[in-house]
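Examining the three-dimensional arrangement
The residues making up each chain are set out below.
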Amino acid sequence: MSLPLILSSNTHGEIHLFVGTGSNVSVHEDHRVCSLTIKRLRRVLTTGAIPIVINPSHPTHINAILNEFKSKANFSIQIIDRQVRLNDLTTLGRNITSGVVDRLFINLGSDQLSLVQPIYLQCVKLRIPINTYQQPEYSTFTLLPTYTDPKGSGLQISVTTNGKGYILDERIKRDIVNNLPANISEVISNMAFLRDQLIQQHNSVLLREKYIETPLSLPKLGYGLDNDPWDSHKFNQLIKEFDMTKNDQRHRRCRWLSQIMEYYPLSKLDKITLDDLEALTDKDSASEIPIELVSERKKEGRISLVGSGPGSVSMLTLGALHEIKTADLILSDKLVPQEVLALVPNHTKLIIAKKFPGNAEKAQAEFLNLGLEALKQGLHVIRLKQGDPYIFGRGGEEYLWFKERGFTPIVLPGISSSLASTVAAQIPATQRGIADQVLICTGTGRKGTIPEVPEYVPSRTTVFLMALHRAEILQKSLLEKKWDPEVPLAIVERASCPDQRVTRTKLKYLQQTVEEIGSRPPGLIVIGHAVNQLTDDANNFTETFTHIIDEGFNDVEIDATNVNFTI
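An unreviewed UniProt entry annotates the protein chain as uroporphyrinogen-III C-methyltransferase originating from Arxiozyma heterogenica. Per its UniProt entry, the protein chain bears the Sequence similarities (unreviewed entry) comment "Belongs to the precorrin methyltransferase family." For the protein chain, the Function (unreviewed entry) comment in UniProt is given as "Siroheme synthase involved in methionine biosynthesis."

Take a look at the structure:
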């Protein structure tokens, strides 16, 4: 079985001719029509080629293409609204190619498929690469599913199964990309920077020394675009040709760079500097470079915003557990349950927020500054939050605060207490025929204000966070908003913890119930007809028996205290 030759083509300035724009129906009749052409036009434009669209399959396709690209600077697309002719292949191209176009894409409607074969034969005669949509027999090249690094490092990854895996190549590409180090862009950029510096130094030496008359070919040193000659053992061998008495340092740096690129963990390559290579010249031997010889320097601080979930260790994510076990400093909200805090190693510094009534804003500012100082010292800092960082946890505010100061946080989601509490309290937040939507609200706005309460929707389950301490005001606001006073309600406290308490009542009894049972924070309120769907004894409340209480939580037994992670 013969395999195609996969190439990386420089198409900057080329003329790419697009014949047809897809199905010969209106864009309005089928939203998928013309999308392939637009996708390919976008891809061609990013390579620096110049597309010409001829023979649009339907008049509405012209407007669709113009609307897509009219707002993009320096993107010009020529559209020729007539049937394609064979001489277009030899007249619409560049002057340097005597008018022959550089590449051809065909995507004709079903009424013009008879044009494909003569166009293909003409392309073969003129050696014009051609791609015909869904017709490999009339194609000399195909476009592969490709990942292009959005950070501009130059990394591109393409995968093909040559038609054997159908669309499996797209999934394989995603899996490859997802398994790359998160800092792969910085790795490639740093290696390119070091390579360019070494090229400049070697060129300078060659011009000054005896090689000025017989200069070496730079591609033989592994500096070109081709990867074929780029092998570490060849690179090391060729370095010996620099037989210059004052260049031992350069020899060793080149040898070290080749080996480090070949053997060192990818994720570590973004920190290598020329100073590291300079330091290696003091070693007795640079032919074998172990990892330990990388010069040590101050670590860069990093911060994670971590959701600890509602409280149960069984609901803690592996990512959150890893961060807790590997942190230098943990800044924890006061509502993070003891079961989670018990997982913090003894050697890790733990500070719990002093967010008491009247001190919340000051305590928040203190916490942020503590984290910033630790980051400047190169520490791994965690902001540990109850539930999920982005569900009324100030996660977005803290993300922006640290990012503006040079430390972009990693955010690890947690199981939000707003949803985990319904499961722990045997409440199906959505139930067919009962509840078809869920709304999460806060009972405490900025600086303690009461936010605007939502309208009453009978088929909705509404969860109010941070509302128990103002149950009287919340109840009054909801009843004024025409909420049904008979709607079922549950107060869920310490959700998923051993001392969980679920109190079921009705909206009209909310204030009275809270006054009777007191508070066991953290707690929340769930309102809606789904509240009592899985219970049998919560439907006959009276003025005397306004509520029922269910204590405890049946959790999965997990011992996470001895879990260790290897970094």
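Now that the structure has been shown, we can carry on.
As a further point, take the nonpolar core. In this structure, L17, V19, L104, I106 and I119 are the most contacted members of the largest nonpolar core, which totals 21 residues. Looking at this core, the elements with two or more residues in it are β1 (15-19), β2 (50-54), β4 (103-106) and α3 (116-126). The dominant element in this core, judged by the number of residues it contributes, is α3, at four residues. Not counting the four nearest positions on each side in its chain, V19 is found in contact with I54, N55, V84, L104, F105, I106, N107, L108 and I119.

Let's shift gears to the sheet that holds strand β3 (residues 78-80). Strands sit in the order β3-β2-β1-β4-β5 across an open sheet of five strands; the sheet is parallel. In the strand order of this sheet, the two ends are held by β3 and β5 (130-132), each with one partner. Sheet twist, expressed as the average angle between the axes of neighbouring strands with direction ignored, equals 15°. In terms of strand pairing, β1 meets β2 through five bridges, oriented parallel. Residue pairing in the sheet places I15 in a bridge with I50 of β2.

So, about the pairing of β1. For β1, the buried fraction is high: five of the five residues fall into the buried class. As paired strands, β1 and β4 are joined by four bridges and run parallel to one another. Pairing of F18 across the sheet is with F105, part of β4.

Attention now moves to unusual backbone geometry. The amide bond that connects P521 to the next residue, P522, takes the cis arrangement and shows omega of 0°. Even without being a glycine, N55 presents a positive backbone phi close to 65°.

Moving on, we come to the sheet that holds strand β9 (residues 329-332). Spatial ordering of the open sheet is given by β10-β9-β11-β8-β12, a layout of five strands whose pairing is parallel. Sheet topology places β10 (349-352) and β12 (410-412) at the edges, where each strand pairs with a single neighbour. Mean inter-strand twist for the sheet, computed between neighbouring axes without regard to direction, equals 20°. Here four bridges tie β9 to strand β11 (residues 380-385), and the two strands are oriented parallel to one another. What sits directly across from S332, in β11, is L384. Running over the sheet, helix α12 (residues 395-404) touches β8 (302-307), β11 and β12 and is turned about 175° from β8.

Under the counting rule described, the total for this entry stands at 21 salt bridges. Across the pair E170 and K173 runs a salt bridge, and its minimum N-O distance is 2.9 Å. Of the two residues, E170 and K173 are both situated in helix α4 (residues 168-178); the distance of three residues between them amounts to about one turn of the helix. The closest approach of N and O atoms between D196 and R195, which form a salt bridge, is 3.3 Å. According to the relative accessible area criterion, D196 is partly exposed, its value standing at 35%.

Turning next to the confidence of the model for the protein chain. The share of residues in the protein chain with pLDDT of 70 or more is 80%, and the mean pLDDT across the chain is 83. Predicted confidence is poor over residues 211-225, with pLDDT under 50, and the contacts of this stretch with residues over four places away or in other chains come to 26 contacts. Segment residues 283-297 is flagged for pLDDT under 50; beyond a separation of four residues in sequence, or across chains, it makes 23 contacts in the model.

This next bit is on the packing of aromatic side chains. Summed over all chains, the structure comprises six aromatic pairs. With a centroid separation of 4.6 Å and 15° between ring planes, the pair formed by F18 and F105 is classed as stacked. Here F18 is found in strand β1, whereas its partner F105 is found in strand β4, with 87 residues between them in sequence. Residue F105 is classed as buried on the basis of its relative accessible area, which comes to 3%. What links up through ring pairs into an aromatic cluster is the set F18, F105 and F141.

It is worth spelling out the packing of helix α1 (residues 35-46) against helix α2 (residues 59-69) at this point. Where α1 contacts α2, the two axes come as close as 11 Å, and the packing angle between them is 40°. Relative to α2, the element α1 is oriented oblique. Judged by the sense of rotation from one axis to the other, the crossing of α1 with α2 is right-handed. The residues of α2 that touch α1, namely those facing T37, I38, L41, R42 and L45, are A64, I65, E68 and F69. Counted by class, the contact of α1 with α2 contains six nonpolar, one polar and two charged residues.

Below, the discussion takes up the environment of L439. In this fold, L439 is placed in strand β13 (residues 437-442). Measuring from C-alpha to C-alpha, the distance between L439 and S418 comes to 9.5 Å, with 21 residues separating the pair along the chain. Apart from residues lying up to four places away in sequence, L439 is in contact with P454, R460, T461, T462 and V463.

Bringing a nonpolar patch on the surface into the picture now. A surface patch of nonpolar side chains, about 220 Å² in accessible area, is lined by L168, I172 and I176. Looking at where L168 falls in the secondary structure, it is placed in helix α4.

Contact pair helix α14 (residues 471-480) / helix α15 (residues 510-517): the axes reach a minimum separation of 8 Å and the direction vectors enclose 165°. Classified by the interaxial angle, the pair formed by α14 and α15 is roughly antiparallel. Between α14 and α15 the crossing geometry is right-handed. Along the contact surface, α14 presents A471, E472, L474 and Q475, while α15 presents L510, Q511 and V514. Taken together, the residues that form the contact of α14 with α15 break down as four nonpolar, two polar and one charged.

We classify K173 as buried; its relative accessible area is 11%. It is 7.4 Å that separates the C-alpha atoms of K173 and Y147, two residues lying 26 residues apart in sequence. Not counting the four nearest positions on each side in its chain, K173 is found in contact with P145, T146, Y147, I157 and V159.

So, about the side chain of H16. In this fold, H16 is placed in strand β1. Separated by 3.0 Å, the side chains of H16 and E14 make a polar contact. Beyond its immediate chain neighbours, meaning those up to four positions away, H16 contacts T11, V44, A49, I50, P51, I52, D102, R103 and F105.

Calculation rules
In this convention, every chain numbers its residues from 1, walking through the sequence in written order. Owing to the predicted nature of the model, reporting of local features is limited to residues with pLDDT of at least 70; listing and counting of side-chain atom pairs is limited to 80 or more, with chain, interface and lining totals taken over all residues. Just so you know, side-chain values use all the structure's heavy atoms and leave hydrogens and water out. UniProt positions are given in the numbering used here, feature names are shortened, and annotations may be inferred rather than shown by experiment. Joining through side-chain atoms within 4.5 Å is the link that ties buried Ala, Val, Leu, Ile, Met, Phe, Trp, Tyr and Cys residues into a set, and such a set is a nonpolar core. Think of it in three bands: with a 1.4 Å probe and only protein chains considered, a residue is buried below 20% of the maximum accessible area for its type, exposed above 50%, and partly exposed in between. The helix and strand labels rest on DSSP assignments: H or I over at least four residues marks a helix, E over at least two residues marks a strand, and numbering proceeds from the N terminus. Every residue pair with non-hydrogen atoms within 4.5 Å of one another is taken to be in contact. Should DSSP find at least two bridges between two strands, the strands are taken to pair. For helices, the fitted axis covers only the stretch in contact; all axes are lines through C-alpha atoms, and the angles between them, taken along N-to-C directions, range from 0 to 180 degrees. Note on definitions: salt bridges are taken to be side-chain nitrogens of Lys or Arg within 4 Å of carboxyl oxygens of Asp or Glu. Confidence scores labelled pLDDT are given residue by residue by the predictor and lie between 0 and 100. Stacked, edge-to-face and tilted labels apply to pairs of Phe, Tyr and Trp rings (six-membered ring for Trp) whose centres lie within 6.5 Å, assigned for plane angles under 30 degrees, over 60, and everything in between, in that order. Oblique is the label for any angle not covered by the other classes, which are roughly parallel (under 35 degrees), roughly antiparallel (over 145) and roughly perpendicular (65 to 115). Note on convention: the crossing is left-handed when the near helix lies turned anticlockwise from the far helix by less than a right angle, right-handed when the turn is clockwise. Under the grouping applied here, Gly and all other residues not named as nonpolar or charged are polar, the nonpolar ones being Ala, Val, Leu, Ile, Met, Phe, Trp, Tyr, Cys and Pro and the charged ones Asp, Glu, Lys and Arg. Put simply, a patch holds well-exposed residues, over 30% relative accessible area, that have no salt bridge, with like charges counted together within 9 Å and Val, Leu, Ile, Met, Phe, Trp or Tyr side chains within 5 Å. Areas reported as accessible are Shrake-Rupley estimates using a 1.4 Å probe. Residue values count occlusion only from the protein chains shown. Polar contacts, as used here, are pairs of N or O atoms within 3.5 Å; protein pairs need one atom able to donate a hydrogen and one able to accept it. Residues neighboring in sequence count only if both atoms are side-chain atoms.

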